[in-house]
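Residue-level structure breakdown
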Amino acid sequence: MTNDRIIFHIDVNSAYLSWEAVYRLQQGEKIDLRKIPSVVGGNPETRHGIILAKSIPAKKYKIQTGETLHNALQKCPNLTIVSPSYGLYMKCSNAMVEILKEYTPNIQRFSVDECFLDFSNMENLHGDPVELAHKIKDRIHKELGFTVNVGISNNKLLAKMASDLKKPDMVHTLFPHEIKEKMWPLDIRDLFMVGASTERKLRAIGINKIGDLAQADYNLIKYRLKSHGDMIWKYANGIEDSTVRVANYMVMKGLGNSTTISFDVTDRKTAHLILLSLVEMTAMRLRDSENMCTVVAVKIKSHEFERRSHQRKLYAATDCTNEIYKIVTSLFNEAWDGETPIRHLGIRFSGLVPNESYQTSLFDDRNKEKLRILDSTIDDIRMKFGSKLITRASFINSGIRGMTGGVAEDYPLMTSVL
DNA sequence: TCTGGGGTCCTAGGACCC
DNA sequence: TCTGGGGTCCTAGGACCC
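Conventions and cut-offs
- Residues numbered from 1 in each chain as written.
- Chains lettered and ligands numbered in written order.
- Predicted model: local features only at pLDDT ≥ 70, side-chain atom pairs only at ≥ 80, totals over all residues.
- Helix = DSSP H or I, 4+ residues; strand = E, 2+ residues; numbered from the N terminus.
- Expected span 1.5 Å × (residues − 1).
- Bend = angle between axes of the 7 residues up to and from the residue.
- Buried ≥ 20, exposed ≤ 12 C-beta atoms within 10 Å, placed from the backbone.
- Contact = placed C-beta atoms within 7 Å.
- Pairing = 2+ DSSP bridges.
- Near = placed C-beta within 6 Å.
- Nonpolar A, V, L, I, M, F, W, Y, C, P; charged D, E, K, R; others polar.

**Looking at helix H11 (residues 218-236)**
Along its 19 residues, H11 runs just 11 Å from first to last C-alpha, ending more than 12% under the 27 Å computed at 1.5 Å per residue. Of all the bends found along H11, the most pronounced is centred on Leu225 and spans about 140 degrees. Within H11 the residues assigned to the buried category are Ile221, Gly229, Ile232, Trp233, Tyr235 and Ala236. Among the structural elements, helix H7 (156-163), helix H9 (196-204) and helix H10 (210-215) are those in contact with the buried residues of H11.

**So, the pairing of strand E6 (residues 114-118)**
By the criterion of burial, E6 is predominantly enclosed, with 4 of the 5 residues buried. Bridge count between strand E1 (residues 7-12) and E6: 5 bridges; the pairing is antiparallel. The residue bridging Ile7 from the neighbouring strand is Asp118, located in E6. In this sheet, E6 lies alongside strand E5 (residues 107-111) in antiparallel orientation, the contact comprising 4 bridges. By the bridge assignment for E6, Arg109 is matched with Cys115.

**Digging into the protein's contact with DNA strand B**
Around DNA strand B there are 30 residues in total, and Lys226, Lys253, Thr260, Gly405 and Ser416 lie nearest to it. Listing elements by their share of the surface near DNA strand B, those giving two or more residues are H11, strand E9 (254-265) and strand E12 (342-350). Sort the elements by how many residues they give to the surface near DNA strand B and E9 lands first, with 7 residues. The residue makeup of the surface near DNA strand B, split by class, is 9 nonpolar, 18 polar and 3 charged.

**Some thoughts on unusual backbone geometry**
Outside of glycine, negative phi angles account for most residues, and trans bonds account for most peptide bonds. With an omega of -5 degrees, the peptide bond between Lys167 and Pro168 qualifies as cis. Along the chain, the position of Pro168 falls in the loop between H7 and strand E8 (171-173). We note that Arg47 has phi near 65 degrees; this positive angle belongs to a residue other than glycine. Under the C-beta neighbour-count criterion, Arg47 is labelled partly exposed, with 15 such atoms within 10 Å. Positive phi outside glycine occurs at Glu290, with the angle close to 60 degrees.

Structure follows, in C-alpha cells:
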C-alpha cells in the first residue's frame, strides 16, 4: 500500500530572493535580483545582520544562508542587499498554494516556501506524475513569475530529498530503486535532519556520504546517536512513512517571541520593559489561538552568546497578560545575575490547554475576570486598528516598541517534523 | 564593526512516590 | 545505617528544521 503512494515536494527556488526579484520587476525595476549576486538580509546596525536568502550568482561566491552580511561583503564587495518583507512572502506563498489546490486538496504546507502534495491513486485523473509535475511547475512560473523544484517519490523524505537535487526550475524523481544512484553519493550533510552536530559525530566514525550511513551497522548508529540515529539511518535508506497532513492536523504545542536588542541591556528596568512588550504580543497570540498555557519560560542570551533559560510550571492555566508578565519578571529576576549585558530576550508559553476548558476556580478573585475582559477588549482593538493604537504608558519615550515579535499568520510552521 | 526568529523533539538529571 | 528499583514529573539545555 505505502509503495503505491505518489508524493510531491514543491520547493520555491531561493524563495525570499525570488519573490523580491519578481515584485521589484513588477514595480518597474530593470534589474533582476536573481541574475546578479544579491541577498535578502537584515540590518547590521540593529544587530540583525544575517543572510536570509541568496541568489544563485551570490552562491558562486560561497555566500551561505545564515552567515553575517559583514562576512558576505568580504567575499563579494559589490553584493546587492535588500531587506525582507514578510507580508509579501506570505502573499506569494498563498498564491502558489491556490494554484496547487486546483490539482489536489491533499496539501501539507511545510513552511512558507515548501509544500507536500499527495497524488496517490490519482493516475486516472492526472496521468503520469512527471508530466503533472512539469505542468504545475511551468504554470507557477508563468502565472506567478518564480520558479520551483518538484521532487517526486513515494514518501515525503524521498520527495524532499529529490526536490533538493539540482536547482533551479527542475523536476526530479527519487524512487527507492534510484536511492543508490542519486542519494547515496551525496554528502552526509545533505541528508534531512543531519545538522552540524550530527555531521561531526558521523565524520568522527568515518561516515561522510549518505551511502556510508545507509550501509553502516544500524545498532552502532543507534547506540551512538540514540533515537536520532535510528531516524537518520532509516532516512539514509529511504525509509519514512509519515502522511501528508492536510490543514491543522498538527496541534500547536507552544508559542513564543524573542528579540535581539539593538544595544546591550544592563539594567533591570529596561529588561522588564522589553519583556513586557514580548508578553503583550505573545499573550495576544495565545488568546487568539484560543489556548491557555501551563508553562512559562524566559530565555536570555548574553553579549557573549551564552544562553540561559528558566521556566515554571503553573498551578493553574492562564492567558492573562498581567499575570503572565508577573511570572516572566520573576523568572527573569531569578535567572539574571544583574550584571551580565543582555543581547537577546525571549519568552515562550507551552503546556497549552484549550481555553474552553477554563473554569473559574473557587480561589479566583473577581479581579481576574475583569482582567480577562480587559485583555480581550484590547486584543479586539489591536487586531482591528493595529498594535500601535494602544500602548502602555511605560513605553512612551522609552525607545522600546509596545509590542515585540509576532508571527506570520494563516499558515502553520511545522518545520523539522515531517 | 560579526552571529535572526519562529518552531518541535529529545535527553539527562534530580525530586518524589511506592 | 551500608542503602533497590520502577515509575512520573519537572527543568535545563541542546539539536534540528526553514
